[in-house]
Amino acid sequence: WTCRPAPLASASVLLLRTTDEWATWFRVRVRTLQAPGWDPLGGPCQCAEGPEHKSPHKHQTRFFRLQSVLYLWSPGVQGFTRLSGLDCGLSLRDVHTQHSTGLSRSTQQYRRLFYGANQIEVKVPSIPKLLVKEVLNPFYIFQVFSVLLWSLDDYYYYASAILFMSLLSVCTSLYTVRKQYVLLHDMVSAHNVVRCSVFRGTEEDTEEILSTDLVPGDVIVIPPNGMMMPCDAALVGGTCIVNESMLTGESVPVMKTQLPLPPRGQPDAAVSELLYDPEEHRRHTLFCGTEVIQTRYYSGERVRAVVVRTGFSTVKGRLVRSILFPRPSEFQLHRDAARFLLGLVGLATVGMAYSLTLSARQGESLGRMLVEALDIVTITVPPALPAAMTAGVVYAQQRLRGGGIFSTSPQRINTAGQVNLVCFDKTGTLTEDGLDLWGVRRIQDNRFCPPEHQVAAESLERSHFLVAMATCHSLTRIEGRLSGDPLDVKMFEATGWVLEEPSPEETALHDLMTPTVVRPAKQAPAETQASEERDLDIAAVMGCYEVGILAQFPFSSSLQRMSVVTRVLGERRLHAYLKGAPETVARLCRPESVPCDFWEVLENHTAGGLRVIALAHRCLEPRLSWHRLHSVNREVVECDMELLGLVMMQNQLKVQTVPVLSELHRAGIRCVMVTGHPPKFVSLCLFVSVSLSVSLSASLSLCVLCVSQCLSVCLSVSLCVAVCLCVSV
């Protein structure tokens, strides 16, 4: 069929071209959606012509779908815009005030017309489709031409052998590729459908539905025993412990807290005007494909999360799309192969000219002359080359599959020999996951004390330095064991303190939040002195020293710090403790509390290969009460701090690191370490480990992240689909 140019507003077929250097073309058909409204995030519009018209007015919305993404016609911009959820242009206040009670059934059904089913469906290509894609390879087209030519020249046995090899290689490749698609489909759809409870307009009206019916704006209830997240959702009530290893590869559970909410009647402008962004507020966002291990709620309230993205718009969906629709890539191997074949074709052309000239002089027939001339082309370009390359690719796939690595683009494995650069992380890759406490340097009278290797001493039991080590973390207990960042675990264990969390039954008995409490495991009774800041009645009744963690500002890699607000049992004033990179913490402290030799001491310890963490403290003003903690900005708390000292952690190299580094250098592969540590620390690592490399798992596989996002597909035990090229050493 043919097309003619038409205005964009009335076109039925669109030709789209990417704006990158590849300028890829796509042809899509524009379709029409019948819905009682035009705003995907709105609700059904009732017809206003009269009371007799009770059915909603149908609006026609033009749309097209490209690579599992829906684009809707926007009259305002006179163009197609990508369908988005609640992750664009929504303030934090609006998330709490307008989207925290859920959707009515009519609104949910209306939005489902636009967003469709909430599932990530990987379609397995049919065998004929894969066969056409494989057979249309120029090599196989050339082989068909060669087999026909040899048959005309009575080379039946040779033609049959080449035909058999080609069919065998095609069938083997089809079987392998289809098997990888089936495996990807099964792993992606393993947790596509779960049952979940949602609010229907009020907090009392709940309904249990399938996760495929979720749309942006639904408010789901996270059960106390956790669940597998079927969508991206913003947490608006309670806290969650989440296992994100399926997306990030990190095995350490992460604590998610609710989005900041300004107090009623006294809005915090900085918070109310701040727009919600899933990446910026990832500490408050539950991502699709991650597993909620456990939840904490208070006063009988349920843990609630607002659905912000569904289907292929989620983080998991985007990852799957990058595998199904990889960006075009051009490698030196492909360019060299093309030049090599062009050279062979040039030689064949010379041979054809000579053969035609010689045959013409001998007076042969035209048909015989053409057969002999074309036969030279089949001799110059090896006809068994595709079968040989396919056999090598299939063998490579079998080796990769033995290591749990799968690929839906087998032809890209040939580029593995072109890898000449490896980039890798340090902690957990080059070095062990865990850290060991080397020592501390406390500050007294604006001077550094000598290094101390034991911090669980009675003299330090109630010092701000030890309290900072025991409280400034995001640890939690899962099945009775401490879980969290390895650095936090080691630092807390070094204090010898005990962490106690309230059970769900205990939190349900209180109207206010029951905080996490830390206390020394063994503490001697201490004399309690009268003070305006202490409540002697509570201290006398309890007879022990306990610190409650009332609020937490999670660690941010961009800010390089975290902080907590605590309260000592029996005291009225709140205390803030800060932990982070020494350079960052020092800037947030009062200048008079920072020793004059701070930078010199810091440089000496980092040059020794130690990871240095700074601690700071601040006694909060009475105006910062318990009730305002969850609405104030963290910058209000993290200022005018008093520097307490430094904590030095030691990170050992893995046993496999040095052998792998040596083998990489013998292979002539350049290695680069991507880290946030100071240059002198990196230089020391270079000296100790001779070189920089990566060691992943016992099989010592090397993963090189590719900018094109699809050199191969690495499927982990759960749905961790990492787009990378894996070269087995």
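See the structure shown above.
Residues numbered from 1 in each chain as written. Predicted model: local features only at pLDDT ≥ 70, side-chain atom pairs only at ≥ 80, totals over all residues. Heavy atoms only, no water.

Among the residues making up helix α17 (residues 598-607), those that are buried are Phe-598, Val-601, Leu-602, His-605 and Thr-606. Buried residues in α17, looked at end-on, bunch into an arc of 130°, giving them a common side. Of the residues in α17, the exposed ones pointing more than 90 degrees away from the buried face are Glu-600 and Asn-604. (Buried < 20%, exposed > 50% of the residue type's maximum accessible area, 1.4 Å probe, protein only. Helix = DSSP H or I, 4+ residues; strand = E, 2+ residues; numbered from the N terminus. Arc of directions from axis to C-beta.)

Going through the model one piece at a time under the given rule, you end up with eight aromatic pairs. Relative to Trp-599, the ring of Phe-598 lies with its centre 5.0 Å away and its plane at 80°, an arrangement referred to as edge-to-face. Of the aromatic side chains, those joined through ring pairs into one cluster are Phe-64, Tyr-71, Trp-73 and Phe-80. Directly above the ring of Trp-73 sits Arg-62, whose terminal nitrogen or CZ lies 5.6 Å from the centroid. (Phe/Tyr/Trp six-rings, centres within 6.5 Å; stacked < 30°, edge-to-face > 60°. Lys NZ or Arg CZ within 6 Å of the ring centre and 35° of its normal.)

Turning to the sheet that holds strand β24 (residues 547-556), a few remarks are in order. Judged by pairing direction, the sheet is antiparallel, and its nine strands sit side by side in the order β19-β18-β28-β27-β26-β25-β24-β23-β22 without closing on themselves. Single-partner strands in this sheet number two, and they are β19 (447-448) and β22 (497-500). One ladder, built from six bridges, connects strand β26 (residues 575-580) with strand β27 (residues 611-619); its direction is antiparallel. Bridged to Leu-578 within β27 is Ala-616. Taken strand by strand, helix α12 (residues 464-471) contacts β18 (436-444), β22, β23 (516-520), β24, β25 (561-568), β26, β27 and β28 (642-650), and its axis lies near 55° from that of β28. This element, α17, spans β18, β19, β27 and β28 of the sheet and lies at about 10° to β28. (Pairing = 2+ DSSP bridges. Contact = heavy atoms within 4.5 Å. Axes fitted to C-alpha atoms, helices over the stretch in contact; angles between N-to-C directions.)

Moving on to the nonpolar core. Judged by nonpolar contacts, the single largest core of 31 residues is most densely connected at Met-469, Trp-497 and Val-647. Looking at this core, the elements that each hand over two or more residues are α12, α13 (486-495), β22, β24, β25, β27 and β28. For this core, the leading source of residues is α12, giving six residues. Apart from residues no more than four positions distant in its own chain, Met-469 is found in contact with Leu-437, Val-440, Val-455, Met-491, Phe-492, Thr-495, Leu-615 and Val-647. (Core = buried A, V, L, I, M, F, W, Y, C linked by side-chain atoms within 4.5 Å.)

Moving on, we get to the pairing of strand β5 (residues 69-74). Taking burial as the measure, the six residues of β5 include five buried ones, the bulk of the element. By the bridge criterion, four bridges tie strand β4 (residues 59-66) to β5 in an arrangement that is antiparallel. Counted as the bridge partner of Arg-65 is Leu-70 from β5. In this structure, β5 lies alongside strand β6 (residues 79-82), joined through four bridges in antiparallel fashion. Residue Leu-72 lies in a different strand from β6, and its bridge partner there is Thr-81. Linkage of β5 to β6, two consecutive antiparallel strands, is achieved through a turn of four residues, within which Gln-78 is found at a positive phi near 50°.

All right, on to the sheet that holds strand β7 (residues 195-199) then. Taken in spatial order, the six strands line up as β8-β7-β9-β16-β11-β14 in an open sheet, and their pairing is antiparallel. Edge strands, defined here as strands with exactly one partner in the open sheet, are β8 (206-210) and β14 (285-286). The sheet contact formed by β7 and β8 spans five bridges and is antiparallel. Paired with Cys-196 across the strands is Ile-209, a residue of β8.

Here we come to the pairing of strand β9 (residues 219-222). Here β9 shows two buried faces, one formed by Val-219 and Val-221 and the other by Ile-220 and Ile-222. With two bridges joining them, β7 and β9 adopt antiparallel strand pairing. Bridging across to β9, Ser-197 finds its partner in Val-221. Pairing of β9 with strand β16 (residues 303-309) involves four bridges; the strand directions are antiparallel. The residue bridging Val-221 from the neighbouring strand is Arg-304, located in β16.

The next thing to look at is the pattern of salt bridges. Counted according to the given criterion, the structure contains 19 salt bridges. In this structure, Arg-309 and Asp-232 form a salt bridge, with 2.9 Å as the shortest nitrogen-oxygen distance. In this pair, Arg-309 sits in strand β16 while Asp-232 sits in strand β11 (residues 232-237), placing the two residues 77 residues apart along the sequence. The class for Asp-232 is buried, based on a relative accessible area of 0%. For Glu-452, the salt bridge goes to Arg-442, with nearest N and O atoms at 2.8 Å. One end of the pair, Glu-452, is in the loop between β19 and α12; the other, Arg-442, is in strand β18, and 10 residues separate them in sequence. Judged by its relative accessible area of 13%, Arg-442 falls in the buried class. (Salt bridge = Lys/Arg side-chain N within 4 Å of Asp/Glu carboxyl O.)

Just geometry here; none of it tells us what the structure is for.
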